[in-house]
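The residues making up each chain are set out below.
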Amino acid sequence: MKTISENAAFAGVQGVYAHGSDVCGCEMTFAVYLPPAARIRKVPVLWFLSGLTCTHENAMTKAGAQKWAADAGIALIFPDTSPRGPGVANDEAYDLGQGAGFYVNATETPWSAHFRMWDYIVHELPALIFDRFPLDRERQGITGHSMGGHGALTIAMTHPETYASVSALAPISNPVASDWGRKQFTAYLGPDEAGWARHDASILMAERGFPGPVMIDQGARDQFLDLLKPEALLAAATARRQPLRFRLLDSYDHSYFFVSSVMEDHIRFHAERLAEA
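Scope of this entry: the structure provided in the associated data block.

Attention now moves to the overall build of the protein chain. In terms of helices and strands, the protein chain carries nine helices and nine strands. Against the 2.2 N^0.38 benchmark of 19 Å for 277 residues, the protein chain shows a C-alpha radius of gyration of 17 Å, consistent with a compact globule. Here the C-alpha coordinates of the protein chain stretch approximately 50 × 45 × 35 Å along the principal axes. Taking all 277 residues of the protein chain together, 58% fall into the buried category.

Written as structure tokens, this is what we have:
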């Protein structure tokens, strides 16, 4: 692992690092924010998964999360959204290829050689960072925006033994029924839709839910609302009696202005649950 940068932020440290990934077969970059409390003890962890076209840098610089994480004594992990580099498959469209990993393990060529973001987020990157930083492995939460919200929800519901809390901001909630899902799942996972269900938050919510409260924020003026399909997730949660805090917020769109406006609430939500873990 190599250090790209480290900067003081709210009495903590915002670092950016790179490492050679065996899972993705290329160099991967990620960011870690350590609150001041990390100088004296291991601290809880909140993963933030970003959306289409993003890198680790978008949420790190635009979400405004470090101040609230410092106050709560929580570390923040900002992974990249896909493998990258000249040898990594790509597509001219913004919603496929580099920047659009969709947090799945691709099984189809040419994507399967590098696009294994599920294993990277769930297994490889945690193994690296918990060995290098003062982080409490037993207290992890996960959140994300848009495609990252999809990733956060599906990963948490699949691995509730790992994540004590989960939230999402404008998540892609029902990708098997959306152009933000059907296109990518066909490319990455193949045409057999039976294998797509494990990566759909609404289906997972109906089948298993999450053993604890879930928090979802959605802008009512989100320009991608028809692609996100939050109504499917809300219906599945209601049918299963899943404890869910769902807010449809007037005037907000899909941008990081929305993300930064609700970030404090999400960090407080996770801080309360991680304190109980």
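Past the structure itself, the notes keep going.
The next thing to look at is the side chain of Asn 174. Its location among the elements puts Asn 174 in the loop between strand E7 (165-169) and helix H5 (179-189). Under the relative-accessibility criterion, Asn 174 is labelled buried at 12%. A polar contact of 2.9 Å, which involves the side chain of Asn 174, links it to the side chain of Asp 200. Sequence-distant contacts of Asn 174, that is, excluding residues within four places in its chain, are made with Asp 200, Ser 202, Leu 228, Lys 229 and Ala 232.

Counted according to the given criterion, the structure contains 11 salt bridges. Taking the shortest distance from any N to any O, the salt bridge between Asp 71 and Lys 67 comes out at 2.6 Å. Remark: Lys 67 and Asp 71 occur in helix H2 (residues 65-72); sequence separation between them is four residues, near one turn of the helix. By relative accessible area, which is 53% here, Asp 71 ends up exposed. The salt bridge involving Arg 84 is made with Asp 80; its shortest N-O contact spans 2.7 Å. Its relative accessible area of 5% is what places Asp 80 among the buried residues.

Applying the stated rule across the entire model yields 10 aromatic pairs. Ring centres 4.8 Å apart and planes at 40° place the aromatic pair Trp 180 and Phe 224 in the tilted group. You can see Trp 180 sitting in helix H5 and its partner Phe 224 sitting in the loop between strand E8 (214-219) and helix H7 (225-228), a full 44 residues away along the chain. On the basis of an interplanar angle of 65° and a centroid distance of 5.8 Å, the ring pair of Phe 185 and Trp 196 is categorised as edge-to-face. You can see Phe 185 sitting in helix H5 and its partner Trp 196 sitting in the loop between H5 and helix H6 (201-207), a full 11 residues away along the chain. Phe 185 gets classed as buried once you look at its relative accessible area, which sits at 0%. Aromatic rings pair up to connect Tyr 17, Phe 30 and Phe 133 into one cluster.

Counted by the stated rule, this structure contains zero disulfides. Lacking any disulfide linkage, Cys 24 is separated from the closest cysteine sulfur, that of Cys 26, by 5.4 Å. Judged by its relative accessible area of 0%, Cys 24 falls in the buried class. Lacking any disulfide linkage, Cys 54 is separated from the closest cysteine sulfur, that of Cys 24, by 17 Å.

With that out of the way, let us pick up the nonpolar core. Membership of the largest hydrophobic core comes to 91 residues, with the highest contact counts inside it found for Phe 30, Ile 129, Leu 135, Ile 142, Leu 153 and Tyr 188. The biggest single contributor to this core is helix H3 (residues 117-132), with nine residues. Apart from residues no more than four positions distant in its own chain, Ile 129 is found in contact with Phe 30, Trp 47, Ile 77 and Leu 135.

The rules behind these values
Residues numbered from 1 in each chain as written. Predicted model: local features only at pLDDT ≥ 70, side-chain atom pairs only at ≥ 80, totals over all residues. Heavy atoms only, no water. Helix = DSSP H or I, 4+ residues; strand = E, 2+ residues; numbered from the N terminus. Rg over C-alpha atoms; globule rule 2.2 N^0.38 Å. Buried < 20%, exposed > 50% of the residue type's maximum accessible area, 1.4 Å probe, protein only. Polar contact = N/O pair within 3.5 Å; in protein donor to acceptor, adjacent residues only side chain to side chain. Contact = heavy atoms within 4.5 Å. Salt bridge = Lys/Arg side-chain N within 4 Å of Asp/Glu carboxyl O. Phe/Tyr/Trp six-rings, centres within 6.5 Å; stacked < 30°, edge-to-face > 60°. Disulfide = S-S within 2.5 Å. Core = buried A, V, L, I, M, F, W, Y, C linked by side-chain atoms within 4.5 Å.

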